Amino acid sequence: DQQVKQNSPSLSVQEGRISILNCDYTNSMFDYFLWYKKYPAEGPTFLISISSIKDKNEDGRFTVFLNKSAKHLSLHIVPSQPGDSAVYFCAAGFGDGGSNYKLTFGKGTLLTVNP
Amino acid sequence: EPEVTQTPSHQVTQMGQEVILRCVPISNHLYFYWYRQILGQKVEFLVSFYNNEISEKSEIFDDQFSVERPDGSNFTLKIRSTKLEDSAMYFCASSEGGYSDEQYFGPGTRLTVT
């Protein structure tokens, strides 16, 4: 059951260049999407999110784009820095109108930014 | 900055034993979650908890699992009789609201069942 897919297990970019991490989803009920960064031996750290009513959200060097018709989102990091090297998880969720809100995660993409 | 904490960081137990994983969510948060990540696999939802009851649980969260908020600060996950396949990183998370609020994760507890 892969409702959220990150098809690239790894990505390597040069410092200063753009990193583009991709994510596809299959469940059209998802209405909120998040990106988390994870270092070894740490829990996922929230990076940026986007609601399904938007197609872009920007926060500093991080921008998330959402294409609902294609069920695709991407995270752009510009410029990439060596400290950005981590595993990036795409996550998606939808509310049931009540108190429940669970996240479904992709498998993650290991980003390596080379100095 | 407030953070979610988890103890212990690593727990080794024998098959069939009971384990309790502990979490202290961020103090003003009302929604609590447990996730797990088996080595090399994705982070998987286990259970969500709000207003002192389970909101939703996944198929992984069978009768061997239970959660509790015994006081105003702790949130625990109990596995009654551990199996080898329960070996994983267990992450606690909390959020201020439910719908679309960011979930903040703890550092995780690595559970090793031998």
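See above for the structure.
Remember, predicted model here, so these are calculated numbers, not experimental data.

S.K.: Hey, could you go over the interface of chain B and chain A for me, with residue numbers and the actual values?
M.R.: Listed by partner, the interface residues are 20 residues for chain B and 23 residues for chain A. Interface area for chain B against chain A, summed over the two sides, is near 1,900 Å², with a carbon-plus-sulfur share of 59%. The interface formed by chain B and chain A includes 0 salt bridges. Counting across the interface, chain B meets chain A through 3 residue pairs in polar contact (both at pLDDT 80 or more). If you list the elements that add at least two residues to the side of chain B that touches chain A, you get β4 (31-37), β5 (43-50) and β6 (53-57) of chain B.

S.K.: Tell me about the pattern of salt bridges, residues and numbers included.
M.R.: Applying the stated criterion to the full structure yields 3 salt bridges over all chains. The closest approach of N and O atoms between A:Glu58 and A:Lys56, which form a salt bridge, is 3.9 Å. A relative accessible area of 43% places A:Lys56 in the partly exposed class. Between B:Glu44 and B:Arg36 there is a salt bridge, and its shortest N-O distance comes to 3.4 Å. Residue classification places B:Arg36 among the buried residues on the basis of a relative accessible area of 9%.

S.K.: Pulling in residues and values, what's your account of the packing of aromatic side chains?
M.R.: For the coordinates displayed, the defined rule picks out 18 aromatic pairs over all chains. Between A:Phe30 and A:Phe33, the ring centres sit 6.4 Å apart and the planes meet at 75°, which makes this aromatic pair edge-to-face. For the pair A:Phe30 and A:Phe33, a shared accessibility class is recorded, and that class is buried. Here A:Tyr36 and B:Phe105 contribute two aromatic rings whose centre-to-centre distance is 5.2 Å and whose plane-to-plane angle is 80°, an arrangement assigned as edge-to-face. Linking A:Tyr36 in strand β4 (residues 32-38) with B:Phe105 in strand β10 (residues 104-105), this pair reaches from one chain into another.

S.K.: Give a detailed account of the state of the cysteines, specifying residues and quantitative values.
M.R.: A covalent bond bridging the sulfur atoms of two cysteines is what the word disulfide describes. Residues and elements named next belong to chain A. One pass over the full model with this rule turns up 2 disulfides over all chains. Covalently, Cys-23 is tied to Cys-90 through a disulfide, its sulfur atoms 2.0 Å apart. Across the S-S bond linking Cys-23 and Cys-90, the dihedral sits near -70°, which makes this disulfide left-handed. Taken together, the residues span a long stretch of sequence, with Cys-23 in strand β3 (residues 19-25) and Cys-90 in strand β9 (residues 86-93) at a distance of 67 residues.

S.K.: How would you sum up unusual backbone geometry? Please name residues and give values.
M.R.: Of the consecutive residues A:Val78 and A:Pro79, the connecting peptide bond is found in the cis state with omega at -15°. Along the chain, A:Pro79 falls in the loop between β8 (72-77) and β9. Note that the residue after B:Thr7, namely B:Pro8, is joined by a cis bond; omega there is -10°. Considering the arrangement of structural elements, one finds B:Pro8 in the loop between β1 (5-7) and β2 (10-13). Although it is not a glycine, A:Lys71 sits at a positive phi angle of roughly 55°. Along the chain, the position of A:Lys71 falls in the loop between β7 (62-67) and β8. The phi dihedral of B:Asn51 is positive, around 55°, even though this residue is not glycine. You can see B:Asn51 is positioned in the loop between β5 and β6. For B:Asn51, a relative accessible area of 59% puts it in the exposed group.

S.K.: Break down the layout of surface pockets for me, citing the residues and quoting the values.
M.R.: By rolling a water-sized probe across the atoms, one finds the places where empty space is left. Estimates place the volume of the largest pocket at around 420 Å³. Looking at the largest pocket, it is lined by 21 residues, and the ones nearest its centre are A:Lys38, A:Val87, A:Phe89, B:Gln37 and B:Gly40. For the lining of the largest pocket, the secondary structure elements donating two or more residues are β9 and β11 (109-114) of chain A. For the lining of the largest pocket, the element with the most residues is β9(A), which contributes 3 residues.

Scoring rules and cut-offs
- Residues numbered from 1 in each chain as written.
- Chains lettered and ligands numbered in written order.
- Predicted model: local features only at pLDDT ≥ 70, side-chain atom pairs only at ≥ 80, totals over all residues.
- Heavy atoms only, no water.
- Contact = heavy atoms within 4.5 Å.
- Buried area = accessible area lost by both parts, 1.4 Å probe.
- Salt bridge = Lys/Arg side-chain N within 4 Å of Asp/Glu carboxyl O.
- Polar contact = N/O pair within 3.5 Å; in protein donor to acceptor, adjacent residues only side chain to side chain.
- Helix = DSSP H or I, 4+ residues; strand = E, 2+ residues; numbered from the N terminus.
- Buried < 20%, exposed > 50% of the residue type's maximum accessible area, 1.4 Å probe, protein only.
- Phe/Tyr/Trp six-rings, centres within 6.5 Å; stacked < 30°, edge-to-face > 60°.
- Disulfide = S-S within 2.5 Å.
- 1 Å grid on protein atoms, 1.4 Å probe; cavity = no way out; pocket = protein on both sides within 12 Å on 5 of 7 lines; lining within 4 Å.
- Points joined across faces, edges and corners; volume = space filled by probe spheres on them.

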